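Coordinate inspection notes
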Amino acid sequence: MAYYIDLFSPETYFAFSNSNMDVSGFRDRRRGIAAGIKPGDKLICYMTKLSRWIGVLEVASNYFIDGKPIFTASNDPFVVRFRVSPIVWLKPEHGVPIISEQCWNSLSFTRDLPRSSTSWTGMVRASLTKLSDED
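These lines cover the structure that appears in this document, whether it is placed above or below. (Residues numbered from 1 in each chain as written. Predicted model: local features only at pLDDT ≥ 70, side-chain atom pairs only at ≥ 80, totals over all residues. Heavy atoms only, no water.)

Looking now at the pattern of salt bridges. Taken as a whole, this structure holds 5 salt bridges when the rule is applied. Notably, a salt bridge pairs Lys 42 with Glu 58, separated by 4.0 Å at the nearest N-O pair. Placement of Lys 42 in strand β3 (residues 42-47) and of Glu 58 in strand β4 (residues 52-59) is noted, with a sequence separation of 16 residues between them. Classification of Lys 42 as buried rests on a relative accessible area of 12%. Classification of Glu 58 by relative accessible area gives partly exposed; the value is 30%. The shortest N-O distance in the salt bridge between Arg 81 and Asp 66 comes to 3.7 Å. Of the two residues, Arg 81 is situated in strand β6 (residues 80-89) and Asp 66 in the loop between β5 (64-65) and β6; the sequence distance between them amounts to 15 residues. The exposure class assigned to Asp 66 is partly exposed, which follows from its relative accessible area of 27%. Three or more residues are tied together by salt bridges with common partners; here these are Asp 66, Asp 76 and Arg 81. (Salt bridge = Lys/Arg side-chain N within 4 Å of Asp/Glu carboxyl O. Helix = DSSP H or I, 4+ residues; strand = E, 2+ residues; numbered from the N terminus. Buried < 20%, exposed > 50% of the residue type's maximum accessible area, 1.4 Å probe, protein only.)

Quick look at the structure:
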């Protein structure tokens, strides 16, 4: 089993929350990475702008391509999709801030940095970034 980051903006968070919550999608440029993701892998959900961990989704299928709008009203760019099953899904205000002591001191990409650093943000700039086994 492997763990990958699944980024949500506040807008895509609410679109997913208001859907059946059984499909997560990514831009076509992530297709190569998506090809290596298997059922049973976990998507660790991170909300941009709020810098909070907001969920864990279990991958239930190999990726597929579908342009049916889910995450935007039309021309949905998140066409590389997986069937998923939510394990944890938090309201944004209950999400775990990345700067919380437990989180910051535990993650390999933050623990050796001062909290004022932005060096860690590279890990959360693109969906399907693979987390280390340690994390």
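The rest of the description comes next.
If you look at the biggest cluster of nonpolar residues, it comprises 22 residues, and the most contacted ones within it are Phe 8, Phe 16, Leu 43, Leu 57, Phe 82 and Leu 128. Those elements giving two or more residues to this core turn out to be β1 (3-8), α1 (10-17), β3, β4 and β6. Setting aside anything within four residues of it in sequence, one finds Phe 8 in contact with Tyr 13, Phe 16, Ser 24, Cys 45, Tyr 46, Met 47, Thr 48, Ile 54, Leu 57 and Trp 89. Leu 7, Trp 53, Trp 104 and Leu 107 belong to the second largest nonpolar core, which has 13 residues in total. (Core = buried A, V, L, I, M, F, W, Y, C linked by side-chain atoms within 4.5 Å. Contact = heavy atoms within 4.5 Å.)

All right, on to the packing of aromatic side chains then. Enumeration over the complete set of coordinates arrives at 9 aromatic pairs. Seen in terms of ring centroids, Tyr 13 and Trp 89 are 5.1 Å apart; in terms of plane orientation they differ by 10 degrees. Their pairing is stacked. Taken together, the residues Tyr 13 in helix α1 and Trp 89 in strand β6 connect sequence positions 76 residues apart. A relative accessible area of 4% means that Tyr 13 is categorised as buried. Feature note: the residues Phe 8, Tyr 13, Phe 14, Phe 16 and Trp 89 constitute an aromatic cluster, connected by ring pairs. (Phe/Tyr/Trp six-rings, centres within 6.5 Å; stacked < 30°, edge-to-face > 60°.)

Once that is clear, we can look at the pairing of β6. Pairing of strand β2 (residues 23-26) with β6, which is carried by 4 bridges, proceeds in the antiparallel orientation. Within β6, the position partnered with Ser 24 by the bridge is Phe 82. Both β4 and β6 contribute to a ladder of 5 bridges, which runs antiparallel. Across the sheet, Val 59 pairs through a bridge with Val 84, a residue of β6. Relative to β6, β5 runs antiparallel, the two being bridged by 2 bridges. Counted as the bridge partner of Ile 65 is Val 80 from β6. (Pairing = 2+ DSSP bridges.)

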